[in-house]
Amino acid sequence: MNRRYRKTVIAGNWKMNMLPSETKDFVTRLRDETADCKWCDIVLCVPFTHIYQAVKAAKGTKIAIGAQNCHQAAKGAYTGEVSCAMLADLGVKYVIVGHSERRAYFGETDESVNQKVHAALEAGLRPIICLGESLEIRENGAELDFVRTQLKLALKGIAPQSLKKIIIAYEPIWAIGTGKIATPRQAGEVGSAIRETLRSLYGARAARGVSVLYGGSLNKDNAEAMLAMPDVDGGLIGGASLDAASLNSIIKAADQ
Ligand code: 13P
């Protein structure tokens, strides 16, 4: 973390878990436990069906609600899809874009990720752009090049003044849901490569303001060491975000 230049962000990603009827209690509990949180931005990315409840329960608290996906078009004949304007109208502030699960199971490409980043910004949402290599790429030592390329493609055509709205999440695929977390050194190294790339694209000043999160088997026991890295500015948390107490412990570690 480097609080001088950028926000620390702890974002939960519920994925396809929890029920709408469980949302209010969870958010109320998290709100009570995080009331004295000073430094950290807290985001909870819930399924579309939970958004209404989540926004209502989070009103007037430090918790912002995010979505886990969006469609890139403003509106139209896209049965079953949800636009960024719809999310913004509900009170959503953030949207995860390009999660590896969406890239792997739902045909998301670097091109559609880029289009979604544009759409999110246009609707006033803050995109949380997910990047990360497979185990095979890491074993070949190609992770830095891979992540740099993903980042450049995701940001294609994004104006410098929009950069401050963007959050990057480095999520190595081999660490997601596996219990096999990256070492702080590995995450810090990719975090620095991401910042270097931002610097080459947008200049040092803009680059240092961007929060770069780590995601993949982050929990209350390993969060502190991970967040001690200068280019790890927070976490995107899956499994451990399903329990309010464990998410709160990570927030506490980030808020010290
Ligand atoms: P886990 O924390 O369950 O490994 O998931 C990470 C993730 O994919 C968050 O987006």
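Structure: see above.
Just so you know, these numbers come straight off a predicted model, no measurement behind them.

K.L.:
Can you walk me through the site of the ligand in this structure?
P.N.:
The ligand sits among Asn13, Lys15, His99, Glu171, Ala175, Ile176, Gly177, Gly216, Ser217, Leu236, Gly238 and Gly239. Contact distances for the ligand include 2.6 Å between an oxygen atom and a backbone N or O atom of Gly177. Against a free-state accessible area of 310 Å², the protein chains account for coverage of 95% of the ligand.

K.L.:
What should I look at first to understand helix H5 (residues 110–122) in this one?
P.N.:
The α-helix advances 3.6 residues per turn, and as a result positions three or four apart in sequence lie on the same side. An ideal rise of 1.5 Å per residue puts 18 Å on 13 residues; H5 measures up with 18 Å between its terminal C-alpha atoms. Regarding H5, the residues found buried are Ser112, Val113, Asn114, Lys116, Val117, Ala119, Ala120 and Leu121. Elements in contact with the buried residues of H5: helix H3 (84–90), strand S4 (94–97), helix H4 (100–105), strand S5 (126–131) and helix H7 (143–154). In the segment just after H5, Gly124 is the residue with positive phi, at about 85°.

K.L.:
It is not clear to me how helix H2 (residues 51–58) should be interpreted in this structure. Could you clarify?
P.N.:
The complete set of buried residues in H2 reads Ile51, Ala54, Val55, Ala57 and Ala58. Buried residues of H2 fall within an arc of 170° about the axis and therefore sit on the same side. For H2, the exposed residues set more than 90 degrees away from the buried face come down to Tyr52 and Lys56. Residues of H2 that are buried sit in contact with helix H1 (20–33), strand S3 (63–67) and H3. Where H2 ends, the next residue or the one after it, Gly60, has phi of about 75°, a positive value.

K.L.:
Mind showing me how you'd approach the packing of H5 against H7 here?
P.N.:
Helix-helix packing: each pair is described by the crossing angle between the helix axes and the interaxial distance. Where H5 contacts H7, the two axes come as close as 8 Å, and the packing angle between them is 45°. Taken together, H5 and H7 sit at an angle that is classed as oblique. Contacts between H5 and H7 involve Asp110, Val113, Asn114 and Val117 on the former and, on the latter, Gln150, Leu153 and Ala154.

K.L.:
What exactly am I supposed to notice about the sheet that holds S5 here?
P.N.:
Working definition: the strands of a sheet are paired by backbone hydrogen bonds and lie parallel or antiparallel to each other. Pairing in this closed barrel of eight strands is parallel, and the strands run S1-S2-S3-S4-S5-S6-S7-S8 around the ring. Across this sheet, the average inter-strand angle for adjacent strands is 25°, counted without regard to direction. As paired elements, strand S7 (residues 212–215) and strand S8 (residues 234–237) share two bridges and run parallel to each other. Bridging from a neighbouring strand, Tyr214 pairs with Gly235 of S8.

K.L.:
Which parts of the structure should I look at to understand unusual backbone geometry?
P.N.:
What you tend to see is this: most non-glycine residues have negative phi, and most peptide bonds are trans. Residues other than glycine seldom take positive phi values, yet Lys15 does so here, at roughly 55°. Position of Lys15 among the secondary structure elements: in the loop between strand S1 (8–13) and H1. In this model, Ser217 sits at a positive phi of 60°, which is unusual for a non-glycine residue. The residue Ser217 is located in the loop between S7 and helix H10 (223–227) in this model.

K.L.:
What's the story with the pattern of salt bridges in this structure? I'm lost.
P.N.:
Under the definition given, this model contains 15 salt bridges. With a closest N to O distance of 3.4 Å, Arg6 and Asp231 form a salt bridge. Residue Arg6 is found in the segment before S1, and its partner Asp231 is found in the loop between H10 and S8; the two are separated by 225 residues along the sequence. Here Arg6 falls in the buried class, since its relative accessible area comes to 8%.

The rules behind each value
Residues numbered from 1 in each chain as written. Predicted model: local features only at pLDDT ≥ 70, side-chain atom pairs only at ≥ 80, totals over all residues. Heavy atoms only, no water. Near = heavy atom within 4 Å. Polar contact = N/O pair within 3.5 Å; in protein donor to acceptor, adjacent residues only side chain to side chain. Areas by Shrake-Rupley, 256 points an atom, 1.4 Å probe, with all protein chains shown as cover. Helix = DSSP H or I, 4+ residues; strand = E, 2+ residues; numbered from the N terminus. Expected span 1.5 Å × (residues − 1). Buried < 20%, exposed > 50% of the residue type's maximum accessible area, 1.4 Å probe, protein only. Contact = heavy atoms within 4.5 Å. Arc of directions from axis to C-beta. Axes fitted to C-alpha atoms, helices over the stretch in contact; angles between N-to-C directions. Parallel < 35°, antiparallel > 145°, perpendicular 65-115°, else oblique. Pairing = 2+ DSSP bridges. Salt bridge = Lys/Arg side-chain N within 4 Å of Asp/Glu carboxyl O.

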